[in-house]
Amino acid sequence: MQKGINSTRLQSLDALRGFDMFWIISGEGLIHEWAKASDNSTINWMSSQLHHSEWNGFTFYDLIFPLFIFIAGLSMPYSIGKQLENPQNTKLFILKSLFKRAIILIILGTIVNGLFKFQGYENTRIASVLGRIALSCLFAGIIFIYTELRTQIILFFGILIAYFLLLKYVPVPDFGAGIFTKEGNLSAYIDRLFLPGKLHRKVYDPEGLLSTLPAICNALLGVFVGQFLRSVNISKIKKVIAMSATGFVLLLFAWAWNPIFPINKIMWTSSFVLCSGGFSLLFMAFFYLIIDVLEIKFWIAPFVWIGMNSITIYLAAHGLINFESTTLYLFGGLIQQVAITWQPVALAGGIVIVQLGFLYFLYRQKWFLKV
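Heads up: these notes are all about the structure in this document. Note that the structure is predicted; figures quoted are calculated from it, not measured.

Side note on the overall build of the chain
1) Next: The helix and strand tally for the chain stands at 14 helices and 0 strands.
2) Next: Walking the chain from its N terminus toward its C terminus, one meets helices and strands in the order α-α-α-α-α-α-α-α-α-α-α-α-α-α.
3) Next: Dimensions of the chain along its principal axes, counting C-alpha atoms only, are 60 × 60 × 40 Å.
4) Next: Counting every position in the chain, which comprises 371 residues, the buried fraction comes to 50%.
5) Next: Pairs at least 24 apart in sequence give 72% of the contacts found in the chain among residues at least 6 apart.
6) Next: Surface summary for the chain: the accessible area is close to 18,000 Å², and the carbon and sulfur share equals 65%.
7) Next: Across the chain, the centroid of the 28 positively charged side chains sits 11 Å from that of the 18 negatively charged ones.

The following block contains the structure:
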């Protein structure tokens, strides 16, 4: 092991990954149903935050996807870094594994999109959430393997600026340059021209081609943080302070850039990268402080179960397993005893329990889907 490098697995990283995934597998459903059944202002606000922004803007739900990419990038200095420290592993060998992982994720993404329901190429959506994770992490991994930190930072800012210049100054036929509408932005135009298969939203795809470019920067930001956290020459509390301060700085830059290049998840604008990256750093700092510094861990087990099998539960919750039917089979009688208004809440809560039970079983058996 290189001097000054810590290879210990971060429990906070697994917990944060699980926390992030929780909201898209069953957490959002529970909060939405709770908001419908009650008139609680806090729950209503949480429910409003579990919807994507219609176009420009930022909600907690807009953070979930880039946070996952950030976490994937953060794990690279631990996983790939450990491989690089083994003299038997060549960079080419590691690169091949990165390409293999990317291909598998792209295929799994098309399966989630309904590949096996095949209704013709023109009705098959190739772009996907898993596909964007695959491509952004593939290129971030290549950059991490073959460049030094200084070059990585230059590429990070270079990509964000280049993407801004492309969308701001390259004209789109019939619209012109610098048009940030759903139909008129350059990213959507590129998707209409070159993205294979079906566009998710007719005139654009939220996981399209050009907009994947800035997503690499979310992964790179995670790579920077991973390298920083592996250092044993900096105290843990200083790491928390540095991550928090950097997170706030990124948010300030995002909001300053917003009037010129709006914070927009669909276009995955450079300001959106800074905004989502800033919040990602703040969440990581908080989880790292509570779990790895203060060692308050009594609450993290369910999130670790999710985080250790994040791809498994994503695939299961998005069509492979009908958790609602399982919940009704196990708890249907109990749910019927609840007041009618609260039965959807009870069902949603039951789904959370069933999913966590499924993940706990996998965790105890040490069955983990590694891609």
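The structure having been displayed, the exposition proceeds.
Observations concerning the packing of helix α4 (residues 91–112) against helix α5 (residues 129–146)
1) Next: Direction vectors running N to C along α4 and α5 enclose 170°, while the axes themselves pass 7 Å from each other. Taken as axis vectors, α4 and α5 run roughly antiparallel relative to one another.
2) Next: Residue composition of the contact of α4 with α5, grouped by class: 19 nonpolar, 3 polar and 2 charged.

Examining the packing of aromatic side chains
1) Next: Applying the stated criterion across every chain yields a total of 28 aromatic pairs.
2) Next: Their ring planes at 85° and their centres at 5.2 Å tell us that Phe65 and Trp268 sit as a pair that is edge-to-face. A residue pair is termed long-range when its members are at least 10 positions apart, and Phe65 in helix α3 (residues 60–85) and Trp268 in the loop between α9 (236–257) and α10 (270–293) qualify at 203 residues. As far as the burial class goes, Phe65 and Trp268 line up, both buried.
3) Next: Centre to centre, the rings of Phe361 and Trp367 are 5.4 Å apart; their planes meet at 85°, and the pair counts as edge-to-face.
4) Next: By the ring-pair criterion, three or more aromatic residues cluster together here, those being Phe19, Phe22, Trp23, Phe60, Phe283, Phe286, Phe287, Trp299 and Phe303.
5) Next: The side chain of Arg230 reaches across the aromatic face of Tyr78, ending 5.7 Å from its centre.

Observations concerning unusual backbone geometry
1) Next: Despite not being glycine, Asp174 has its phi angle at roughly 75°, a positive value.
2) Next: With respect to the helices and strands, Asp174 occurs in the loop between α6 (149–169) and α7 (186–194).
3) Next: Non-glycine residue Trp268 carries a positive phi angle of around 50°.

As for empty space enclosed by the protein
1) Next: A full pass over the atoms with the stated rule returns 1 cavity of 30 Å³ or more.
2) Next: Empty space within the largest cavity amounts to approximately 40 Å³.
3) Next: What lines the largest cavity is Asn185, Ser187, Ala188, Asp191, Tyr204, Asp205, Ile266 and Met267.
4) Next: Taken together, the residues that form the lining of the largest cavity break down as 4 nonpolar, 2 polar and 2 charged.

Quick notes on a nonpolar patch on the surface
1) Next: Among the surface-exposed residues, Leu149, Ile153, Phe157, Ile161, Leu165 and Tyr169 lie close enough to one another that they form a single nonpolar patch of about 560 Å² accessible area.
2) Next: Here Ile161 shows up in helix α6.

With respect to the environment of Lys100
1) Next: You can see Lys100 is positioned in helix α4.
2) Next: Taking C-alpha positions, Lys100 is 8.5 Å from Val371, a pair spaced 271 residues apart along the chain.

Section: the pattern of salt bridges
1) Next: Applying the stated criterion across every chain, the model contains 5 salt bridges.
2) Next: Note that Lys36 is salt-bridged to Glu33, the shortest N-O span being 3.8 Å. Residue Lys36 and its partner Glu33 are both found in helix α1 (residues 11–37); the two are separated by 3 residues, about one turn of the helix.
3) Next: Overall, the relative accessible area of 65% leaves Lys36 in the exposed class.
4) Next: Across the pair Glu207 and Arg125 runs a salt bridge, and its minimum N-O distance is 2.6 Å. Here Glu207, found in the loop between α7 and α8 (212–230), pairs with Arg125, found in the loop between α4 and α5; they are 82 residues apart in sequence, far enough to count as distant.

Parameters at a glance
Residues numbered from 1 in each chain as written. Predicted model: local features only at pLDDT ≥ 70, side-chain atom pairs only at ≥ 80, totals over all residues. Heavy atoms only, no water. Helix = DSSP H or I, 4+ residues; strand = E, 2+ residues; numbered from the N terminus. Buried < 20%, exposed > 50% of the residue type's maximum accessible area, 1.4 Å probe, protein only. Contact = heavy atoms within 4.5 Å. Areas by Shrake-Rupley, 256 points an atom, 1.4 Å probe, with all protein chains shown as cover. Lys, Arg positive; Asp, Glu negative; His and termini not counted. Charge placed at Lys NZ, Arg CZ, Asp CG, Glu CD. Axes fitted to C-alpha atoms, helices over the stretch in contact; angles between N-to-C directions. Parallel < 35°, antiparallel > 145°, perpendicular 65-115°, else oblique. Nonpolar A, V, L, I, M, F, W, Y, C, P; charged D, E, K, R; others polar. Phe/Tyr/Trp six-rings, centres within 6.5 Å; stacked < 30°, edge-to-face > 60°. Lys NZ or Arg CZ within 6 Å of the ring centre and 35° of its normal. 1 Å grid on protein atoms, 1.4 Å probe; cavity = no way out; pocket = protein on both sides within 12 Å on 5 of 7 lines; lining within 4 Å. Points joined across faces, edges and corners; volume = space filled by probe spheres on them. Patch = residues over 30% accessible without salt bridge, like charges linked within 9 Å, V, L, I, M, F, W, Y side chains within 5 Å. Salt bridge = Lys/Arg side-chain N within 4 Å of Asp/Glu carboxyl O.

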